[in-house]
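Below, each chain spelled out in residue letters.
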Amino acid sequence: MTVAPAPASRPLRPGRNYRLLTAAAIITGLGTHGALIAAAFAVLKAGGDGGDVGLVAAARTAPLVLFLLVGGAIADRLPRHRVMVAANALNCLSQAAFAWLVLAGDPKLWQMMLLTALCGTGQAFFNPAAEGMLMSSVSREQASRAFALFRMAMQGASIGGAALGGAMIAAMDPGWVLAVDAAAFAVAGALRAFLDVSHIAPRAPGGGLLADMRDGWQEFIGRPWLWSIVAQFSVVVAAVGAAESVYGPLVARDELGGARPWGFALAAFGAGTLGGALLMTRWKPRRLLLAGTLCVFPLALPAAGLAVPLPVGALCLVMFVSGVAIEVFGVSWMTAMHQEIPEEKLSRVSAYDWFGSVAMMPVATALAGPVESLVGRSEALWGCAALIVLVTGAVLFVPEVRGLTRAPVTAEVAKDRGPASADAEGSVGRLG
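As the structure is a computational prediction, the values presented were derived from the model and not from experiment.

1. Description of the packing of aromatic side chains
Going through the model one piece at a time under the given rule, you end up with seven aromatic pairs. When the ring of Trp217 is compared with that of Tyr352, the centres are 5.6 Å apart and the planes differ by 50°; the resulting orientation is tilted. Note that Trp217 is positioned in helix H7 (residues 209-221) and Tyr352 in helix H13 (residues 346-358), a separation of 135 residues in sequence. In this structure Tyr352 comes out as buried when scored by relative accessible area, which is 10%. Note on Phe329 and Trp333: the rings are 5.8 Å apart at their centroids and 15° apart in plane angle, and the pair reads as stacked. Of the two residues, Phe329 and Trp333 are both situated in helix H12 (residues 312-340); the distance of four residues between them amounts to about one turn of the helix. Of the two residues examined, Phe329 and Trp333, each falls in the buried class. An aromatic cluster is defined as three or more aromatic residues linked by ring pairs; in this entry it consists of Trp225, Phe233, Phe329 and Trp333.

Here it is as structure tokens:
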């Protein structure tokens, strides 16, 4: 007779934690996607230009880069749900203060930068803890489908969030959208307080925070597929961020008719991610990273579409295609991480993943305005598209990226699942 592993070391089947994480992600997704648009238009309403929009965007990502590695190490030392709740509380307070300043009138650039920096600091501690918490809540054989369904629910919220945010900004002050985001963080933090971490084995005493960070670095640098794709995404995320966070609102204002069409374009991207996640509930590519990396090429389409610029309908179409593509990559990436990285190091490795991916974002968004002045907006957008294509082509030369395959579900794992596990997998399906 097979002896079941001790509960402390066995991942929970998708159940209560999975539902709480999904519900909280939907709530914050609804608020955040509208708030990102609102922040840009709040800067423009206060008399700022493209450079000021870029500075506020950079203020959000700079502390995200600075504190991610510390956040990852802390999330592997403390109960992850407590780190998530504390980060949500900081996000709630900073967005509420930002909303108050905008609604009161005449917010200063430095004030908006400071408050978005506090929000970015919260995200630096939240992201590694959240990713580790999600990955520890599902078993290997359920991971791909569970991640796809989670991302489908989360990205579905972006459709309503972006469209609602654009509509609200067109009808009222962007400060109200920021206030909604603050309330969303409060509700999501309350839900995450009820997460159960009893299934995670107690961490063995280590050599301190720096030792944990070094351990995470060794885990990261020892896997060529991991660091090469993170290096690729440091450029991809920077290019997409400059195109969509800085140039996108400016193109919308000058060429497309304002915030509402840009909100529709972002909603189309969200609809694409929903479709891509739905696709990944059925499709399980054997070569995880090869399939995912090939789907990064379409991320160049929105920048190219803004460079033309395309009419609103055509822009929505390319945004939709890029949304489908990024979800294929995202689910494949999360499945590879879940499969290859030990549970007790998930948050630290996720922190290096996040750190590398967003490291160039503050520079890109801060320089977007000056680059536009130097070479022109259209030329800057074509440059963003070209960079995405070049670095994605380069990473395909890494053998591990082309060759890493999905681990099969062995007979022993299937037998260990039992009837209870089958029921649990059915509950995952119902979440969709």
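2. Section: the pattern of salt bridges
For side chains bearing opposite charge, pairing can occur when the charged atoms are close. Taken as a whole, this structure holds five salt bridges when the rule is applied. Residue Glu219 pairs with Arg223 through a salt bridge whose shortest N-O separation is 2.4 Å. The class for Glu219 is buried, based on a relative accessible area of 12%. Note that Arg253 is salt-bridged to Asp254, the shortest N-O span being 3.0 Å. What makes Asp254 partly exposed here is its relative accessible area of 39%. What emerges from the salt-bridge pattern is a single network uniting Arg253, Asp254, Glu372 and Arg377.

3. Here's the deal with helix H1 (residues 16-45)
For H1, built from 30 residues, the straight-helix expectation of 44 Å at 1.5 Å per residue is met to within 8% by its first-to-last C-alpha distance of 43 Å. The element H1 is extensively covered by neighbouring structure, given that 21 of its 30 residues are classed as buried. Phi turns positive one or two residues past the end of H1, at Gly47, with a value near 100°.

4. Re helix H8 (residues 224-256)
Along H8, the largest kink reaches about 45° and is centred on Tyr247; proline Pro249 follows within four residues of it. Gly257, located one to two residues past H8, shows a positive phi value of around 110°.

5. Digging into the nonpolar core
Counting residues in each nonpolar core, the largest one holds 106 residues, and the members touching the most others are Trp225, Leu226 and Trp333. Ranked by residues supplied to this core, first place goes to H8 with 17 residues. If we ignore the near neighbours within four places in the chain, the residues touching Leu226 are Glu219, Phe220, Trp333, Met337, Ile341 and Val349. Residues Ala148, Cys295, Ala325 and Val328 belong to the second largest nonpolar core, which totals six residues.

6. Things to note about the side chain of Glu219
Summarising the element assignment, Glu219 is placed in helix H7. Engagement of the side chain of Glu219 in a polar contact is seen with the side chain of Arg223, the distance being 2.4 Å. Once residues lying within four places of it in the same chain are set aside, the contact partners of Glu219 are Leu226, Pro342, Lys345 and Val349.

7. With respect to the side chain of Arg151
Topologically, Arg151 is positioned in helix H5 (residues 140-171). Classification of Arg151 by relative accessible area gives buried; the value is 13%. Polar side-chain contacts of Arg151 include one of 2.8 Å to the side chain of Glu327. Contacts of Arg151, omitting those with residues within four sequence positions, involve Gly156, Ala277, Ile326, Glu327, Gly330, Val331 and Met334.

8. Digging into the environment of Val70
With respect to the helices and strands, the residue Val70 is situated in helix H2 (residues 50-75). Counting along the chain gives 54 residues from Val70 to Ala124, while the straight-line C-alpha distance between them is 8.4 Å.

9. What about the packing of helix H3 (residues 80-104) against helix H6 (residues 174-192)?
Between H3 and H6, whose axes approach to 8 Å, the crossing angle comes to 165°. Relative to H6, H3 is oriented roughly antiparallel. Considering the relative orientation of H3 and H6, their crossing is left-handed. Judged by residue contacts, His81, Met84, Val85, Asn88, Asn91, Cys92, Gln95, Ala96, Phe98, Ala99, Val102 and Leu103 of H3 engage Pro174, Gly175, Trp176, Leu178, Ala179, Asp181, Ala182, Phe185, Ala186, Ala188, Gly189 and Arg192 from H6. Here the residues of the contact of H3 with H6 are counted per class, giving 16 nonpolar, six polar and two charged.

Thresholds applied
- Residues numbered from 1 in each chain as written.
- Predicted model: local features only at pLDDT ≥ 70, side-chain atom pairs only at ≥ 80, totals over all residues.
- Heavy atoms only, no water.
- Phe/Tyr/Trp six-rings, centres within 6.5 Å; stacked < 30°, edge-to-face > 60°.
- Helix = DSSP H or I, 4+ residues; strand = E, 2+ residues; numbered from the N terminus.
- Buried < 20%, exposed > 50% of the residue type's maximum accessible area, 1.4 Å probe, protein only.
- Salt bridge = Lys/Arg side-chain N within 4 Å of Asp/Glu carboxyl O.
- Expected span 1.5 Å × (residues − 1).
- Bend = angle between axes of the 7 residues up to and from the residue.
- Core = buried A, V, L, I, M, F, W, Y, C linked by side-chain atoms within 4.5 Å.
- Contact = heavy atoms within 4.5 Å.
- Polar contact = N/O pair within 3.5 Å; in protein donor to acceptor, adjacent residues only side chain to side chain.
- Axes fitted to C-alpha atoms, helices over the stretch in contact; angles between N-to-C directions.
- Parallel < 35°, antiparallel > 145°, perpendicular 65-115°, else oblique.
- Left-handed = near helix turned anticlockwise from the far one by under 90°.
- Nonpolar A, V, L, I, M, F, W, Y, C, P; charged D, E, K, R; others polar.

Read these as geometric descriptors, not functional statements.
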